[in-house]
Number of protein chains: 2
Amino acid sequence: MRRSVPELLLAKRNGQALEPDEVRGLIQGFVRGEVPDYQLSAFAMAVYFKGMTREETVALTLAMRDSGVVVDLSEVSALKVDKHSTGGVGDKVSLALAPLVAACGVPVPMCSGRGLGHTGGTLDKLEAIPGFSVNLPLSRYREIVRDVGACMIGQTAELAPADKRLYALRDVTATVESIPLIVASILSKKLAEGIDGLVLDVKFGSGAFMKSVEDARSLATALVEVTRGAGKSCVAWLTRMDRPLGRAVGNALETIEAFELLHGRGPEDLREVTLTLGASMLLLGAKARSDAEARERLERALGDGSALSVARRMVAAQGGDPRAVDDPSVFPRARVVGALTATRGGYLTAVDTHAVGVCGVVLGAGRTRAEDVIDPSVGFVFARTVGDRVEPGDTLATLHVRSDEDLAVARERLGRAFTYGDRAPEPVPLVLERVG
Amino acid sequence: MRRSVPELLLAKRNGQALEPDEVRGLIQGFVRGEVPDYQLSAFAMAVYFKGMTREETVALTLAMRDSGVVVDLSEVSALKVDKHSTGGVGDKVSLALAPLVAACGVPVPMCSGRGLGHTGGTLDKLEAIPGFSVNLPLSRYREIVRDVGACMIGQTAELAPADKRLYALRDVTATVESIPLIVASILSKKLAEGIDGLVLDVKFGSGAFMKSVEDARSLATALVEVTRGAGKSCVAWLTRMDRPLGRAVGNALETIEAFELLHGRGPEDLREVTLTLGASMLLLGAKARSDAEARERLERALGDGSALSVARRMVAAQGGDPRAVDDPSVFPRARVVGALTATRGGYLTAVDTHAVGVCGVVLGAGRTRAEDVIDPSVGFVFARTVGDRVEPGDTLATLHVRSDEDLAVARERLGRAFTYGDRAPEPVPLVLERVG
């Protein structure tokens, strides 16, 4: 590095762009312990205020990717495509999507995260399947991608360790909400998986991290540009997260719903998002030439049982009970199940999706701290959603909880999450637009 | 603390003011090792961008003051007044001012800093006096203030240790240039000395840290308001630092010049700044009721030898050779002394004062790192200054250096520091205005 670290911090503080090799040097120094935490946290705060150029963000992303192993999947000749969602309530898309896309010939190497805060995590949902392991050695991960076509594991210590350290620092220094830092965090891990292409589901609305469409669009644009800047193909979709996706919220209940989708059942909104993202994955994987062709191919894989077959083989390969794909009774069940009923009549005009997520966390379905243990059986299945007309006494949701006290808590909190009106709300598109 | 540290960082990042007890808790946690460096550096960067209210700055200052000993000088019944300068080239005012003001009945308890960067430090100048010690126990410091009326020591580890740690952190995280942080750093130490009042010399111009009058005025206003917010009386003066103050630059040469002033000699600009600051100190110390009365009193102490007497006793009490006050030959002398002569004729219209300071540092009169050893004999005595007319061959300065090579370096660098013109520059006031 020609400039010293304090000089780099000064330049960033003054709004100047750093050279790519300066950004790289900063992260390499951080990983080697030569640049202390207190300089990185000051840097992150300066980036919060002054941002980074695309070129700087690409350099940051690649430096973080290169802090660990970059998986070599070259023995799998097909183009490998993964999907990433910025997270929402009831977002179990990955569990259906990975086997479905793999069944269409596009291998899906997927490293996911755990739930933290009001949204769930793919790993927690997968672990609701008895025996399923998300902690596999990378050698086994490569084998399963090659032999089954899809493998879903957790971020190992070998993948982008700089991200883990930097995120822990950002989490306690009020520097999480910075688009270049978010982009580098997401993509450093994804680019280490061995992918050729990436499809992004960037959510907006009350249940998403980005509340406004504008912020979501900025994030999506940055993600697409940086992924492409790193030499991979990429498409992002902006999708609405102002109500839970699908009907189920909670780990076992969501996994069951994802497998329902592979059986050709399941709620329409979940199906729509899954097919939209899946079609883009097939296009990036060069297994279709048009969106229509891609959707036809996905529908076929849903209809002929091939997606189910990949799902069963993936579950088995990862140590899980493959009957889970077909038989919901395999999953752990909640001790207490009760109904939430409408106390008045009218149209459901909104649901406070963030409050639904927080309610799940409070009842044991999620975490407020990384070390919290979750209960996979806890959750809700909504019978009604925004736009529906209800009468007093109608069932709004079935509540799966651990005790009668929790049932009372769930009824009180979820009851308050609904807004009623005299007229049906205007329908709004679930999938808003494609970016990139 | 009700809010967690990350919540406080978030609030500051978002431009909100913290409660005084929250600021205090942050600093106390930092001192106790409960708030790590990486949170304080992120906080400092957020403060750089979002500032602090006066109330927050007072809380920060007092918390830093209270991180160590606050000297109790209550056994000295008179009002005790100190002076602080933001630093400049040739600024040896403190060395004359402290004995002078003490001779007028206002005790001066003074803890000073060392030179770093292009400006010198009072401690280094004092140490040019053979035997003089700036490292005294606080018990001895209290005795000398009581018995002699003036004592000049270095910042001990007992005074405001939080400032030392925070400054070290700011120095390597590009967070030095923040007015609230500068104010808290200066005042936390000054308020720990046991003072009742404080007079500030806030310098502006090419040789000062604040280049513009506006920045200097902002800093002066903040310093005065925060000192008063901490319950002490305070006045600040804005003084020009676009040429060296006095004729001498360099530790021994400056100390000699300061003592010359006490003999009733010495350059007019140095005398003017000293009397201006001294008059304010007498007013704050309630030893004069008007500026005119204060100046008369100061002139008398210069004329009747009482200021010299205090200076001799202070030097002796601090282990130094008291003959130094009267006899320049007591000081270490440079190996090589040579002249810098004008290569052309004309009016001197400007001198790059920062360059003069840096030239001194390069030749051994100052430090670029805290651990550098300085040579007290090195320095310059200017024969001409801005506004003077010179002819080719006239002596501009006498150079005191360590070798013939250094003499060449000094001639080359200082020769370039002067700007010539065909007309005399408009005279500008040295003392611009009082703040507070």
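Values in this document were obtained by computation on a predicted structure and should not be read as measured data.

Rules used in this analysis
- Residues numbered from 1 in each chain as written.
- Chains lettered and ligands numbered in written order.
- Predicted model: local features only at pLDDT ≥ 70, side-chain atom pairs only at ≥ 80, totals over all residues.
- Heavy atoms only, no water.
- Salt bridge = Lys/Arg side-chain N within 4 Å of Asp/Glu carboxyl O.
- Buried < 20%, exposed > 50% of the residue type's maximum accessible area, 1.4 Å probe, protein only.
- Helix = DSSP H or I, 4+ residues; strand = E, 2+ residues; numbered from the N terminus.
- Domains from an automatic or database assignment.
- Polar contact = N/O pair within 3.5 Å; in protein donor to acceptor, adjacent residues only side chain to side chain.
- Contact = heavy atoms within 4.5 Å.
- Least-squares fit on C-alpha atoms with pLDDT ≥ 70 in both.
- Expected span 1.5 Å × (residues − 1).

Undergrad: I would appreciate a short explanation of the pattern of salt bridges in the present structure.
TA: Pairing between side chains becomes possible if they bear opposite charge and their charged atoms approach one another. Tallied over the entire structure, the rule returns 66 salt bridges over all chains. Here Glu 193 of chain A and Lys 190 of chain A are joined by a salt bridge, their closest N and O atoms 3.1 Å apart. Since its relative accessible area comes to 4%, Lys 190 of chain A is described here as buried. Linking Glu 412 of chain B and Arg 416 of chain B is a salt bridge whose minimum nitrogen-to-oxygen distance equals 2.8 Å. Here Glu 412 of chain B and its partner Arg 416 of chain B are both found in helix α16 (residues 404-417), four residues apart, which amounts to about one turn of the helix. Overall, Glu 412 of chain B belongs to the partly exposed group, its relative accessible area being 44%. Here Arg 416 of chain B falls in the exposed class, since its relative accessible area comes to 60%. Ionic contacts of the salt-bridge type, sharing partners, join the residues Arg 24, Arg 65 and Asp 66 of chain A into one network.

Undergrad: Help me understand the domain arrangement of chain A, please; the structure alone is not making it clear to me.
TA: Splitting chain A by domain gives domain 1 (5-51), domain 2 (81-156 + 190-328) and domain 3 (333-421). For domain 1 of chain A versus domain 2 of chain A, the distance between C-alpha centres works out to 34 Å.

Undergrad: It is not clear to me how the side chain of Ser 85 of chain B should be interpreted in this structure. Could you clarify?
TA: Residues and elements named next belong to chain B. Structurally, Ser 85 can be placed in strand β1 (residues 81-85). When its relative accessible area of 16% is taken as the criterion, Ser 85 is described as buried. Reaching out from Ser 85, the side chain makes a polar contact with the side chain of Asp 91 at a distance of 2.7 Å. The residues contacting Ser 85, other than those within four sequence positions of it, are Asp 91, Asp 201 and Lys 203.

Undergrad: What exactly am I supposed to notice about the relation of the copies chain B and chain A here?
TA: By a simple turn and slide, chain B fits onto chain A: the slide is 0.1 Å along the axis, the RMSD is 0.1 Å, and the turn is 180°. Between the two chains, the operation in question is that of a two-fold axis. Ranked by how close their C-alpha atoms come to the rotation axis, the residues of chain B are headed by Tyr 38 of chain B, at 1.9 Å. Of all interface residues in chain B, 100% are interface residues in chain A too; the two copies therefore contact each other through one and the same surface.

Undergrad: Sorry if this is basic, but what is going on with helix α3 (residues 37-50) of chain A here?
TA: Along an α-helix, a turn takes 3.6 residues, which lines up residues three or four apart on a common side. With 14 residues, α3 of chain A extends 20 Å between its outermost C-alpha atoms, agreeing within 8% with the 20 Å of an ideal straight helix rising 1.5 Å per residue. For α3 of chain A, the full list of buried residues reads Gln 39, Leu 40, Ser 41, Ala 42, Phe 43, Ala 44, Met 45, Ala 46 and Val 47 of chain A. On its buried face, α3 of chain A is in contact with α1 (5-13), α2 (20-32), α8 (161-171) and α9 (179-190) of chain A together with α1 (5-13) and α3 (37-50) of chain B. Two residues or fewer past α3 of chain A, Gly 51 of chain A is found with a positive phi of approximately 70°.

Undergrad: What should I look at first to understand helix α12 (residues 268-284) of chain B in this one?
TA: Residues and elements named next belong to chain B. When the terminal C-alpha atoms of α12 are compared, their 24 Å separation across 17 residues agrees well with the 24 Å that a helix rising 1.5 Å per residue should span. Here α12 lies mainly inside the structure; 13 of its 17 residues are buried. Following α12 by one or two positions, Ala 286 has its phi on the positive side, about 60°.

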